Every structure is written in C-alpha cells, then in structure tokens.
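Topology and contacts: notes
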Amino acid sequence: MKRRILNERLAAIVASLRHGEMLFIADAGSGTSAKALYPLDLSVEYLDLGAVAGSPSFQDIAGTLVEVGDFESAIVTDMMPEVNPKDYEFVVGLFGEDKVTRMSYIPDYYELRDRCRAVIQTGDYGVHAQAILVAGYPSDDIPMEWLWHGIRRRTDA
C-alpha cells in the first residue's frame, strides 16, 4: 500500500516546500522550547508528531517524507554514524552515500536547524535519530555554503 501523510499540517508543509528549503526531522529529545539548551528560532515552524515514547519513529517519518515528497539529500550529525548506525544506514539507503552530508553537532547542526522551514518532532528516543532533509529534485548539488548562509545579494556597485 502506498503511504501518504494523514496529518493535515505536515502534508501542507511538505507540499509547499521548494528547492533548497529544509525540514528538520527531530528525535523526541530535541529541545525546542525557549528554555532548551539551544532554543529554536521563533521563525521556524514547529510540529510535534510524537504520540507515545517511540512513536512515530524517525524512520517512519523520514521514510514517508522521502517517499511522498521531493527531497534530494540529507544532512546528519557527524556523530550519527557511530552512535546510531542503524538510522544512519537508513538515511544512506534513502539517498545514497554521496547525498548525505555530515556536519559537526554543536553548534553548527543547530544553527542550520534554525534555517529550516520547519521542525518535525517524532516520538523517537534514539540517540541522534534526526536529519535535515533538503527539498528539491535530482539536480546539481546545492552548495553547503548556500544552505548554511543562504544566497546573498551583492551590495557592491
């Protein structure tokens, strides 16, 4: 049976993403409140899908989003392959090794999280059971520098 998104808000977010925009799929432990160690920027939409501990899982959400949406790559923490090889291999299986970028966890990964269009929090309690999905279609790679800082207009004349 083909999977589809039942959550109305999640479906709308995925349908409205454009090339180069990002979604952060967060594990249940990713703090997003104003009191978190690294609070979520107020401009980033937050959607908590967690129902009970462990559900939905990171793999449930990431796999479904990749199946029904247009995502071309993923970004994970540099620690994920070591501390969560099962989910890392899952992400590699979705995109291929060459389309999975690893970046340092703190503060870089959280700074990039704040450039995401939305944070989708799962009920997954796995260590580093999270990834940033980059929207688009198979094309030339979007330079990491653009994802990190955006494209700036020249101000020199």
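This text follows the structure it describes.
The sections below set out a description of the structure shown in this document.

The rules behind these values
- In this convention, every chain numbers its residues from 1, walking through the sequence in written order.
- In view of the model being predicted, local features appear only for residues whose pLDDT reaches at least 70, and side-chain atom pairs are presented and counted only at 80 or more, with totals across whole chains, interfaces and linings using the full set of residues.
- Excluded from the side-chain calculation are hydrogens and water; included are all heavy atoms of the structure.
- Note: two strands are recorded as paired if DSSP finds a minimum of 2 bridges between them.
- Strands are runs of DSSP state E lasting at least two residues, helices are runs of H or I lasting at least four, and both sets are numbered from the N terminus onward.
- Axis definition: a line fitted to C-alpha atoms, limited for helices to the stretch in contact. Angles are taken between N-to-C directions and run from 0 to 180 degrees.

Describing the sheet that holds strand S4 (residues 100-103)
- Taking strand neighbours across the sheet as the criterion, the six strands line up as S2-S5-S1-S6-S3-S4 in an open arrangement whose pairing is mixed. A single partner strand is all that each edge strand has here, and the edge strands are strand S2 (45-48) and S4. The average angle at which neighbouring strand axes cross in this sheet is 20 degrees, direction not considered.
- Where S2 lies against strand S5 (residues 118-121), four bridges are found, and the strand directions are parallel. When the sheet's bridge partners are listed, Glu-45 is paired in S5 with Ala-118.

Describing unusual backbone geometry
- Note the cis peptide between Ser-55 and Pro-56, where omega equals -5 degrees.
- Among the secondary structure elements, Pro-56 is positioned in the loop between S2 and helix H2 (58-68).
- Residue Pro-107 follows Ile-106 across a cis peptide bond; omega there is 0 degrees.
- Examined against the element boundaries, Pro-107 turns out to sit in helix H5 (residues 105-113).
- Non-glycine residue His-128 carries a positive phi angle of around 55 degrees.

Everything listed is a geometric property; what it means functionally is a separate question.
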